[in-house]
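A structural walkthrough
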Amino acid sequence: MKILFVHPGPLLYTNVFLRLEPLGLELVAEAARRAGHSVRLLDLQVESHADYHRMIAEWHPDFIAFSCNYLANVPEIVDLAKAAKLSLPRSFICVGGHSASFTANAIVEHGEGAIDCVLKGEGEASIVKLLEAVAGDRGAITKVPGAVTSDGEGPRPAFVEHLDDIRPARDLVRKRHKYFIGVLDPCASIEFSRGCPWDCSFCSAWTFYGRSYRLLSPERVMEDLASIRERGVFIVDDVAFIQQRHGFAIGEAIARKGIRKNFYLETRGDVLLRNKEVLQFWKKIGLTYIFLGIEALDEDGLQKFRKRIPLGRNFEALEFARSLGIGVAINIIADPDWDEDRFRVVREWCMNVPEVVNISINTPYPGTETWITEQRRLQTRDYRLFDIQHAVLPTKLPLAAFYRELLRTQRVLYRKHMAWWTMPAFAGVLARLLLRGQTNFLRGIMNYSKVYNAEKMLADHARPVHYELPLPPRVATNERQAKSSQLYIHAPRGRAGRSIDDSTERFVEATRMGAST
Ligand code: B12
Ligand code: SF4
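Conventions we followed
Residues numbered from 1 in each chain as written. Chains lettered and ligands numbered in written order. Predicted model: local features only at pLDDT ≥ 70, side-chain atom pairs only at ≥ 80, totals over all residues. Heavy atoms only, no water. Core = buried A, V, L, I, M, F, W, Y, C linked by side-chain atoms within 4.5 Å. Buried < 20%, exposed > 50% of the residue type's maximum accessible area, 1.4 Å probe, protein only. Helix = DSSP H or I, 4+ residues; strand = E, 2+ residues; numbered from the N terminus. Contact = heavy atoms within 4.5 Å. Near = heavy atom within 4 Å. Nonpolar A, V, L, I, M, F, W, Y, C, P; charged D, E, K, R; others polar. Polar contact = N/O pair within 3.5 Å; in protein donor to acceptor, adjacent residues only side chain to side chain. 1 Å grid on protein atoms, 1.4 Å probe; cavity = no way out; pocket = protein on both sides within 12 Å on 5 of 7 lines; lining within 4 Å. Points joined across faces, edges and corners; volume = space filled by probe spheres on them. Donors = N, O, S within 2.8 Å, 3.2 Å for Na, K, Ca; no water. Pairing = 2+ DSSP bridges.

**A word on the nonpolar core**
Within the largest apolar cluster, 62 residues are counted, with the highest numbers of intra-cluster contacts made by Leu225, Ile254 and Trp282. Ranked by residue count, the leading element in this core is helix α16 (residues 399-421), at six residues. Setting aside chain neighbours within four positions, we find Trp282 in contact with Phe192, Ile235, Phe241, Gly247, Ile250, Gly251, Ile254, Phe263 and Leu287.

**What about the site of ligand 2?**
The environment of ligand 2 is made up of eleven residues, and the closest members are Cys196, Cys200, Cys203, Trp206 and Arg268. Its residues assigned to classes, the shell around ligand 2 shows eight nonpolar, no polar and three charged.

**Here's the deal with the environment of Thr368**
With respect to the helices and strands, the residue Thr368 is situated in the loop between β17 (356-361) and α15 (369-373). The buried category is assigned to Thr368, whose relative accessible area is 0%. Counting along the chain gives 160 residues from Thr368 to Phe208, while the straight-line C-alpha distance between them is 9.4 Å. The residues touching Thr368, leaving out its near neighbours within four places in the chain, are Ser201, Phe202, Cys203, Ser204 and Leu487. In this structure the side chain of Thr368 is engaged in a polar contact, spanning 3.2 Å, whose partner is the side chain of Thr370. Of the polar contacts made by the side chain of Thr368, one reaches the backbone nitrogen of Trp371; its length is 3.2 Å.

**Comments concerning the layout of surface pockets**
Empty space among the atoms becomes apparent when a probe as large as a water molecule is rolled across them. Computed from the structure, the largest pocket encloses a volume of approximately 530 Å³. Around the largest pocket, the lining is made up of 29 residues, and of these Ser101, Phe102, Thr103, Gln486 and Ile489 lie nearest the centre. Where the lining of the largest pocket is concerned, the elements lending two or more residues are α4 (98-102), α5 (104-110), β7 (147-149) and α15. Element by element, the count of residues in the lining of the largest pocket is highest for α5, at three residues. Of the residues that constitute the lining of the largest pocket, the class distribution is 18 nonpolar, seven polar and four charged.

**Notes on empty space enclosed by the protein**
Under the definition given, this model contains three cavities of 30 Å³ or more. Taken as a whole, the second largest cavity holds about 50 Å³ of empty space. Residue classes in the lining of the second largest cavity are distributed as five nonpolar, four polar and one charged.

**Some details on the coordination of the cobalt atom of ligand 1**
Reference geometry at the metal: tetrahedral coordination by four donors gives ideal angles of 109.5 degrees; octahedral coordination by six donors gives 90 or 180 degrees. Donation to the cobalt atom of ligand 1 from the protein comes from one atom only, Tyr70 (OH), at 2.7 Å. Relative to the elements of secondary structure, Tyr70 occurs in the loop between β4 (63-67) and α3 (74-87).

**Focus: unusual backbone geometry**
Following Asp185, the chain continues into Pro186 via a peptide bond in cis, with omega recorded as 5 degrees. Tracing the backbone through its elements, the reader meets Pro186 in the loop between β9 (180-181) and β10 (187-190). Positive phi is not limited to glycine here, since Phe241 has a value of about 60 degrees. Within the secondary structure, Phe241 is located in the loop between β13 (232-235) and α9 (244-257).

**Section: the pairing of strand β1 (residues 2-7)**
Here β1 lies mainly inside the structure; five of its six residues are buried. Examined bridge by bridge, β1 and strand β3 (residues 38-43) share six bridges and lie parallel to one another. Opposite His7, over in β3, you have Asp43 as the bridge partner. The sheet contact formed by β1 and β4 spans four bridges and is parallel. Each residue of the ladder has a partner; that of Leu4, found in β4, is Ile64.

So, in structure tokens, the structure goes:
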């Protein structure tokens, strides 16, 4: 079969700070290619809708598969699917990915017949079974693990048996030079592990993978790394280096091979403090930036987000990261309840720390516990506003004033951010990038005011809404525990599903707050 894999267009974020290769879709595409299909991949973050329509008209794919990791992309995907179905009524259209898995039935409904199936969970595991059913016995589609159609649903999605088996089809992406994060331009992405053993209430990374945590072998990581031409490498793991041993094994192999890259990773403050040596080692082999999720500036806030790391530990982690001499960025979640005073306190704090601070807005997402426990009513169900840059819960300040305060705070942070990227250490890097024609970072800087603009943010709320996110289930407090276990996409396998040693398991137990398995 001829299969077209499509990643939807950019979100707010993507046009300024970073744009990354569609790693998950590359893996799914490779699984299909290995099964003998002819595959192409279009990434609409860097190609246009006109390219998509041209590809449909000229290549006539038999099967079109969209990746939907972000809720905000749902309307775009539904419209693209409808357009394709009009011109190719016999094609089979499927949607997969993180957000699609949590909103599968709604997506099939929005498609009004254009979306034949949503395939939940890890795509490598079931795409080939779905392709076999589509080419042969279409009645068997509803038996494919993870498949959701208007005729019924298959069993729970299956896990990939060995993460080492499939390498991402990086060659299918046509404009690799367009991926970047800050001055890591160009930048590729790589996976060292999959899943997360913690259970933060605002996050769906753990519910998607059934609170499992699996590792790729250092050998497989090295093979993949050797195929990457870009100097910048974004490690996509939810929490990098949970276990020192794995981090050292990969790091030592990199050092032995003399591979020189600049790495970016994301981790937790307590993991950083527990595993200082591995980060010190990685600094020597090219770790350039880390991103720490602090989320809140007071203990109450941290409890609310179920991150049981005392604030003191978080600040200690920041100190340590600073001492390594690498760039550190942190995230803080702004609550719609914030008033002018709260924004002012945050601004002052942010100006007094050397790190780059990113502010996102507390947004309940399907698949998270806050989705079912949040008592405040959603002010909108427009998918496009669920990008953690828009307020979807009622704001204490009038919405316009909330955005003004938020943007004022972000602007202060942005100026600091720019000072960071352009400080003497980076000035040479910037000049070299421009000489090589890598302009993603510079374009991002220039896009800032166009993208982050209060009038535009407000106007986004006034757009006509064609597709609405279904309402969260209303549950009584004592039912919540039971409900939260139903959030899982992949079935939890308890302790056996987590590739961590006993001491790390105990550490996770002590720092998580849920009672999930
Ligand atoms: C790396 C990452 C990013 C990268 C983007 C990488 C990219 N180009 O896709 C960056 C840093 C840019 C990013 C940004 C954001 N992200 Co992000 N991100 C992640 C992260 C940590 C890992 C994604 C990843 O690459 N995983 C590894 C690959 C192999 O897995 P995968 O992409 O999920 O693909 C697998 C399956 O989903 C499935 N699949 C995927 N596509 C398809 C297609 C088909 C047809 C099929 C069958 C299956 C399938 O199979 C794949 C292989 O198993 C996830 C958390 C997570 N664990 O998923 C959050 C996550 C996806 N991000 C999230 C959010 C909120 C954001 C932001 C909005 C805000 C933010 N600050 O994080 C921005 C906005 C992004 C934008 N487009 O503008 C949320 C999604 C929430 C939602 N429901 O929409 C997540 C789940 C994190 C969370 N804590 O909840 N993100
Ligand atoms: S530590 Fe918490 S926020 Fe981070 S990925 Fe795991 S569950 Fe999500």
